[in-house]
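Remarks on the overall topology
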Amino acid sequence: MTIMTCDKFKGVLCFTTAAILFVAASFRADAQDQLGWEVGAWGGVSHYFGDLNTSYSITDLNPAGGIMARYNFNKRICLKFSGNYTQIEAYDSDSDNIFEIQRNLSFQSEIVDGTAQLEFNFLPYEHGSYDEWFTPYMFAGFSFFYYNPTAELDGESYELRNMGTEGQFRGEEYRTTDVAFTFGGGFKFDINYRWSVNIELSSRKVGTDYLDDVSGTYPDMEDVENLRGIEAVLLSDRSREIVGDINAIGEEGRQRGNGKDNDIYATLGIGLVYYFGKIRCPAFFRY
């Protein structure tokens, strides 16, 4: 499993610290004006960016959704927790790059994650207000997620991790759980005092480059066959399906993926949220 380099980790840590200091400065004496929990659900689409989508094309959208709970500290600062499910996939056959077309790899994976994110509202936002009923916002946080890339061969689905497609020895395969740095932005607006709508674009820079089972170089195919079987060889180098056995590109040590840059998956969704905050007195009693 690839992990964040020290420099990348320091960069993420610095960014997160700066964001926390920035939003902390927004806490004001009127924090009691907008306290309380919100809960809701969202649905939308997801997409993947990585070794099997180097051009950042948006061709393989998949369904995504989840549930969330948000605590409002004041009109500016919120902390949100969410549980999310999505699917991702990618195919070299969709690429315009000649090498990637010949490489002919593909994968599909389900992803389940738990996310905690700190949100900052660009405008003061208060449920039920006539003036402060909408705002764009940004957020940053962390996710813990499960994934398991698969691919089809002759009509049968295989878990690629178990195939050791880049020569991993048994017991040295990448893990199917990892962490991700989560960031993005959105727009929220009230329908009424209790109900609001959130539109959100969220990206996750994951801590592994094996979200798609592609990262390093082609292994020794004889070793792969002896250890995992012929199916593992066929899933490791699928160029033979395009150019034949003689011209297959899967030579030992030849680049198979870019292990210097970890994968990303992103979601775009719309959510319906219910506010459990303070209950306002009717106008008659307020007067």
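What counts and how
- Residues numbered from 1 in each chain as written.
- Predicted model: local features only at pLDDT ≥ 70, side-chain atom pairs only at ≥ 80, totals over all residues.
- Heavy atoms only, no water.
- Helix = DSSP H or I, 4+ residues; strand = E, 2+ residues; numbered from the N terminus.
- Buried < 20%, exposed > 50% of the residue type's maximum accessible area, 1.4 Å probe, protein only.
- Pairing = 2+ DSSP bridges.
- Lys, Arg positive; Asp, Glu negative; His and termini not counted.
- Salt bridge = Lys/Arg side-chain N within 4 Å of Asp/Glu carboxyl O.
- Polar contact = N/O pair within 3.5 Å; in protein donor to acceptor, adjacent residues only side chain to side chain.
- Contact = heavy atoms within 4.5 Å.
- Phe/Tyr/Trp six-rings, centres within 6.5 Å; stacked < 30°, edge-to-face > 60°.
- Lys NZ or Arg CZ within 6 Å of the ring centre and 35° of its normal.

Remarks on unusual backbone geometry
Glycine aside, residues mostly have negative phi, and peptide bonds are mostly found in the trans state. Positive phi, normally seen in glycine, also occurs at Asp154, with a value near 55°. Counting through the fold element by element, Asp154 comes out in the loop between strand 6 (150-153) and strand 7 (156-159). Owing to a relative accessible area of 75%, Asp154 belongs among the exposed residues under this scheme. One non-glycine residue, Asp213, lies in the positive phi region at around 70°.

A closer look at the pairing of strand 6
Bridge count for strand 6 against strand 7 is four bridges, and the pairing is antiparallel. Looking across to strand 7, one finds that Thr150 is bridged to Glu159. Between the end of strand 6 and the start of strand 7, which pair antiparallel, lie two residues, with Asp154 showing a positive phi angle near 55°.

A word on the side chain of Asp60
Positionally, Asp60 belongs in the loop between strand 1 (36-49) and strand 2 (62-72). One buried charged side chain, Asp60, makes no salt bridge at all; its nearest oppositely charged neighbour is Arg103, positioned 12 Å away. A polar contact of 3.3 Å, which involves the side chain of Asp60, links it to the side chain of Thr59. With residues up to four places along the chain from it excluded, the contact list for Asp60 reads Ser46, His47, Glu89, Ala90, Tyr91 and Asp94.

Considering the packing of aromatic side chains
Overall, the coordinates contain 18 aromatic pairs when judged by the stated rule. Residues Tyr48 and Phe107 carry aromatic rings whose centres are separated by 4.9 Å and whose planes lie at 75° to one another, so their mutual orientation is edge-to-face. Here the residue Tyr48 occupies a position in strand 1, and Phe107 occupies one in strand 4 (residues 106-121), the gap between them amounting to 59 residues. Relative accessible area serves as the criterion here: at 0%, Phe107 is assigned to the buried category. Plain terms: the ring middles of Trp133 and Phe134 are 4.8 Å apart, the flat faces sit at 65° to each other, and that makes the pair edge-to-face. When its relative accessible area of 35% is taken as the criterion, Trp133 is described as partly exposed. Through pairs of rings, three or more aromatic residues link up here, namely Phe145, Tyr147, Tyr174, Tyr210 and Tyr265. Above the face of the Tyr137 ring, Lys188 is positioned so that its terminal group lies 4.6 Å from the ring centre.

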